[in-house]
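Structural overview for review
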Amino acid sequence: MTAASVPLRTRPATSPATRALAVLLAVVLANLAVVEVLYVTAGPGKNALLSVGRFFGLHVAFIMMVQLVLVARLPWLDRRIGMDRLTAWHRWVGFSLVWTVVLHATFIVLGYARLDEESALRTFLSLAGVPASLFGICAAGLVIAVAVLSVRYARRRMQYETWHTIHIVLYAAVVLGLLHQVKEGSAFTTSAAAEAYWWGLWTLVLGALLAGRVVLPLWRNAYHRFRVAAVVPESDRVVSVYVTGRHLDRLPAHAGQFFIWRFLTRGRWWQANPYSLSAAPDGRSLRLTAKAVGSASAGLRQLPVGTRVFMEGPYGAFTSLQRTRPGTLLIAGGVGVTPIRALLEELTGSVVVLYRVHDPADAVLLGELQQLARMRGFRLHLVTGRTGTGSPPYDPFAPGTLVAAVPDIADRDVFVCGPPAMTAAVLRSLRALGVPRSQVHAERFSLAGRSPGQPGRPGQPPGQPASRSGLPRRKNVLAEPLERSPQ
Ligand SMILES: Cc1cc2nc3c(=O)[nH]c(=O)nc-3n(C[C@H](O)[C@H](O)[C@H](O)COP(=O)(O)OP(=O)(O)OC[C@H]3O[C@@H](n4cnc5c(N)ncnc54)[C@H](O)[C@@H]3O)c2cc1C
């Protein structure tokens, strides 16, 4: 791969993520204000309970729209905030959606029960007999069912594909919810302007979803026609796949980003897995480097050259766009080295790399890292060793150890990608060392409230105990600087 050098630009203290978040919040709050106005101008319901029920109903629809925007994979938002954060917010907003749905349904049933002087159960059954309410009841049922299956306990016990398929059911809930609004909505039918605003907003949201999730991926794949060019084993459990296509120089991908890759062979076309680019895009080919943790990743080794690939992306905010300082510290753990390796091709200025592995033999792409470090004058340390041994207990990412290795750490951007436990330990230490949050950028290799490889640790063979750092246990080798290049 050719190193594509991007000149260093020191950015203002506000990160792109903060600015994008501010824009997103402003748009959401401005529309929320309009929704409140719509509710107030529509006047009260037939009784207080129904008024409250309608209030929650309107907000269910609004939260649904926010939910759809968060998963629309809009390139502008994704590049700045990152899909991991957007999906994490989607998860939390999802739980607030469920509670709003429950409150809406409860108040409406109680409101009509009081109006008709009937029991809540009878009222519910008679509402279920009216198509307009039945659409709403079915939508609510689907939202609640998916929420129950999304709680961490249930999610952990499910195959990713099963969970994902169940999640797609929510689109049916959106359609049923829309039909319910068409038939029952009142707050936005008070004037032509209110109706135009409401359905205009829905059109924008659904248009964004369709564009980000369907049109853009279909167009990109038809245009670039991705194919497997080579499959190169990196170690017993790690393989690199090179993909080529037409006009790759026009693909807006950046080092540190990832794609969701679907290899169109008979046995695996239905599996789509996220992998980071393990080399900066050079306009001729793209490369992923994957560790075998399950059936899809293990099967990459057998991919025939020439296989068509359907790719969604590029996604992710783990890029040099996020830099705010001239100096950079990159911390990689295990196969988390992939986006770090790609970023190394783009970075200039003072760069230090800490590469944490179980054993030096596990350090995939190490040769490439060493070569890049030599060519560009970066400092590279391979960090091995058993966490928690010795006296005082060895902790490679303790604040003291980090600051000893990189004394000006608080003045650098820090990019971290590794197993969840390691990433958490690093983030804790960075906080303790007072590294500003805007300078800390983490990629987690997990999108949906679950870490790859759970219920074990990512990349950890079944049955192998994890150390406190989340890495498999091994004999003690203290941190060893592999290369030291002048800065
Ligand atoms: C943004 C991102 C970048 C990643 N980059 C790399 C990389 O460069 N190299 C690497 O080795 N691994 C990477 N991973 C992890 C990789 O996606 C999983 O190891 C792989 O999907 C496992 O699939 P499997 O079928 O082999 O294993 P399974 O046992 O089926 O899956 C293991 C776990 O991986 C996760 N997973 C599976 N499929 C998906 C999916 N479609 N979307 C989200 N999560 C999924 C789930 O949590 C699942 O439980 C990345 C993950 C993410 C989210």
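The structure this text deals with has already been given above.
Heads up: these notes are all about the structure in this document. (Residues numbered from 1 in each chain as written. Predicted model: local features only at pLDDT ≥ 70, side-chain atom pairs only at ≥ 80, totals over all residues.)

1. Let's talk about the overall build of the chain
Quick note on the threshold: Helix and strand assignments follow DSSP, with helices taken as H or I runs no shorter than four residues and strands as E runs no shorter than two, numbered in order from the N terminus. For every residue, the other C-beta atoms within 10 Å of its own C-beta are counted; 20 or more classify it as buried, 12 or fewer as exposed, and values in between as partly exposed. C-beta atoms are placed from the backbone. Remark: residues whose backbone-derived C-beta atoms lie within 7 Å of one another are considered to be in contact.
If you tally the helices and strands in the chain, you get 14 helices and twelve strands. Counting only residues that meet the buried cut, the chain has 40% of its 487 residues in that class. When contacts within the chain are restricted to residue pairs at least 6 apart in sequence, those whose partners lie at least 24 apart make up 74%.

2. Let's talk about the nonpolar core
Test applied: Residues of type Ala, Val, Leu, Ile, Met, Phe, Trp, Tyr and Cys that are buried and joined through C-beta atoms within 7 Å form what is called a nonpolar core.
Counting 108 residues, the largest nonpolar core has L330, I340, L344, V353 and Y355 as its most contacted members. Once residues lying within four places of it in the same chain are set aside, the contact partners of Y355 are A332, V337, A363, L369, L380, H381, L382 and V383.

3. Remarks on the pairing of strand 11 (residues 440-443)
Cut-off, in case you're wondering: Two strands pair under a simple rule: DSSP has to find at least two bridges between them. For a crossover, the right-handed case is the one in which the path from the first strand over the helix to the second runs clockwise, viewed with the strands pointing away from the viewer.
In this structure, strand 10 (residues 412-417) lies alongside strand 11, joined through four bridges in parallel fashion. Bridge pairing links V416 to A442 in strand 11. The parallel pair strand 10 and strand 11 is bridged by helix 14 (residues 420-432), and the resulting crossover is right-handed.

4. Some words on the sheet that holds strand 3 (residues 258-263)
Worth spelling out the cut-off: Inter-axis angles, ranging from 0 to 180 degrees, are taken between N-to-C directions of lines fitted to C-alpha atoms, where helices are fitted over the stretch in contact.
One open sheet accounts for three strands, arranged 4-3-6; its pairing is antiparallel. A strand with exactly one partner marks an edge of an open sheet, and here the two such strands are strand 4 (273-276) and strand 6 (309-315). Between one strand and the next, the sheet's axes are offset by a mean angle of 30 degrees, whatever the strand orientation. Pairing geometry for strand 3 and strand 6, over five bridges, is antiparallel. When the bridges of strand 6 are listed, R262 appears paired with F310.

5. Side note on the environment of C138
Relative to the assigned elements, C138 resides in helix 6 (residues 131-150). What makes C138 partly exposed here is the crowd of 18 C-beta atoms within 10 Å. Distance from C138 to H180, taken between C-alpha atoms, is 9.8 Å for residues 42 residues apart in sequence.

6. Observations regarding helix 8 (residues 160-184)
In an α-helix, one turn spans 3.6 residues, which is why side chains three or four residues apart end up on the same side. Put simply, the test is: Each helix should span, by expectation, one fewer than its residue count multiplied by 1.5 Å.
With 25 residues, helix 8 should cover 36 Å at 1.5 Å per step; its first-to-last C-alpha distance of 36 Å lies within 8% of that length. Every buried residue belonging to helix 8 is among L170, A173, V174, L176, G177, H180 and Q181, and all of these are buried. Buried residues along helix 8 sit against helix 2 (48-70) and helix 6.

7. Focus: the sheet that holds strand 1 (residues 227-233)
With respect to topology, three strands assemble into an open sheet ordered 1-2-5, the strand pairing being antiparallel. Only two strands of the sheet have a single neighbouring strand rather than two, namely strand 1 and strand 5 (285-291). With direction set aside, neighbouring strand axes in the sheet form an average angle of 20 degrees. Here strand 1 pairs with strand 2 (residues 238-244) via six bridges, running antiparallel. Counterpart to V231 in the pairing with strand 2 is V241.

8. As for unusual backbone geometry
Cis geometry marks the peptide bond from G313 to P314; its omega dihedral reads 5 degrees. In this structure, P314 sits in strand 6. Phi angles above zero are rare outside glycine, and L365 is one such case at about 65 degrees. We classify L365 as buried; it has 24 C-beta atoms within 10 Å.

9. Overview of the pairing of strand 7 (residues 327-333)
The side chains of a regular strand alternate between both faces of the sheet. Where burial is concerned, most of strand 7 is hidden: seven out of the seven residues are buried. Where strand 7 and strand 8 (residues 351-356) come together, six bridges link them in parallel fashion. In the strand pairing of strand 8, T328 is matched with V351. This β-α-β element, strand 7 to helix 11 (residues 337-346) to strand 8, shows right-handed connectivity.

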